[in-house]
Amino acid sequence: REKASKSSGESECDEGHVETAEHQNTEKRLPASYSDSSENCTSEEEIDLGVPEGLRFINISVLASVFETVRCPLCKQGHAVLEEEKMGLASLPILKCSSSKCKFEKLFYTFNKVVNSQAFEVNRRVVLVTRNIGVGHQGLVKFCGVTNMLPPMQENLFQDHLKAVKNAAQTAAEKCMSKAADEVKGFYEPEQDDVYNYWRRRGFSSCYGVVT
């Protein structure tokens, strides 16, 4: 009986030891800081610390209220006041000091300009957008009115942007077709360097043809 009791006691101790080991393993697998709540979990995709880029819709009054919290870097007494000059959908914000004695002034454009041009990128892009969705200047005016934005550029400036977009598209198409012709010449290795075009109608007005 004593042996049986000892063996049973040892088995109980072993079971208790096993349970304790399992409990310790469980504690190792699930630390005290573990939580099933998804509110405490933040994935790397939700945290974007990169440099901001791209275009935004910004309420100018909100931006002005933010600048009012900035102290003047020149006199260190007044705060920044925001003024604006409109240029189509772009603008020229002007930061001035609230103090009448301070002459601090900072100017900057809200959008970049097109390369080798005085036109702003946003004005050129919005004209391209209107043509892609099948509307014109009046459609752009309606869009700006519904979204509570300032009116866009005038009709004559809209047409100037439209001509610039057309010329750029035509230049890109000519480069693409010239590159395609060079690839065809290199593939077939013709005896002569001439490339002959055959069109369905005279005057090169047809959209169907053959290049040899």
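All values derive from a computational prediction rather than experimental measurement.

To continue, consider the overall build of the protein chain. Looking only at helices and strands, one finds five helices and five strands in the protein chain. Going from N to C terminus, the protein chain has its helices and strands arranged as α-α-β-β-β-α-α-α-β-β. Put simply, the protein chain has 212 residues, and 16% of those count as buried. Here the analysis covers contacts within the protein chain between residues at least 6 apart in sequence; of these, 30% occur between residues at least 24 apart.

With antiparallel pairing, three strands are arranged side by side in an open sheet as β1-β2-β3. In the strand order of this sheet, the two ends are held by β1 (80-87) and β3 (105-107), each with one partner. When the angles between neighbouring strand axes are averaged without regard to direction, this sheet yields 20°. Bridging between strand β2 (residues 90-97) and β3 involves three bridges; their strand directions are antiparallel. Paired with K96 across the bridge in β3 is E105. Running at roughly 150° to β1, helix α2 (residues 60-67) makes contact with β1 and β2 of the sheet.

What follows deals with the layout of surface pockets. Counted as a void, the largest pocket has a volume near 1100 Å³. Lining the largest pocket are 33 residues, and of these R56, F57, L89, F111 and M149 lie nearest its centre. The set of elements that each furnish at least two residues to the lining of the largest pocket consists of α2, β1, β2, α3 (121-132) and α4 (137-146). For the lining of the largest pocket, the leading source of residues is α3, giving five residues. Class assignment for the residues of the lining of the largest pocket results in 20 nonpolar, nine polar and four charged.

A word on the environment of S61. Along the chain, S61 turns up in helix α2. On the accessibility criterion, S61 (45% relative accessible area) is partly exposed. In the structure, S61 is positioned 21 residues away from L82 in sequence and 9.2 Å away in space, judged by C-alpha atoms.

Scanning all chains against the criterion turns up three salt bridges. The partner of K96 in a salt bridge is E83, with the nearest N and O atoms 3.5 Å apart. Here K96, found in strand β2, pairs with E83, found in strand β1; they are 13 residues apart in sequence, far enough to count as distant. Given the relative accessible area of 38%, E83 is considered partly exposed. The partner of R125 in a salt bridge is E121, with the nearest N and O atoms 2.8 Å apart. Within this pair, R125 and its partner E121 are both found in helix α3, separated by four residues, close to a single helical turn. Classification of R125 by relative accessible area gives partly exposed; the value is 46%. By relative accessible area, E121 is classed as partly exposed at 27%. One connected set of salt bridges, linked through shared partners, spans E83, K96 and E105.

Turning to unusual backbone geometry, a few remarks are in order. We note that K76 has phi near 65°; this positive angle belongs to a residue other than glycine. When you line up the elements, K76 lands in the loop between α2 and β1. Phi is positive for N116, which is not a glycine, with a value near 60°. Within the secondary structure, N116 sits in the loop between β3 and α3.

The rules behind these values
Residues numbered from 1 in each chain as written. Predicted model: local features only at pLDDT ≥ 70, side-chain atom pairs only at ≥ 80, totals over all residues. Heavy atoms only, no water. Helix = DSSP H or I, 4+ residues; strand = E, 2+ residues; numbered from the N terminus. Buried < 20%, exposed > 50% of the residue type's maximum accessible area, 1.4 Å probe, protein only. Contact = heavy atoms within 4.5 Å. Pairing = 2+ DSSP bridges. Axes fitted to C-alpha atoms, helices over the stretch in contact; angles between N-to-C directions. 1 Å grid on protein atoms, 1.4 Å probe; cavity = no way out; pocket = protein on both sides within 12 Å on 5 of 7 lines; lining within 4 Å. Points joined across faces, edges and corners; volume = space filled by probe spheres on them. Nonpolar A, V, L, I, M, F, W, Y, C, P; charged D, E, K, R; others polar. Salt bridge = Lys/Arg side-chain N within 4 Å of Asp/Glu carboxyl O.

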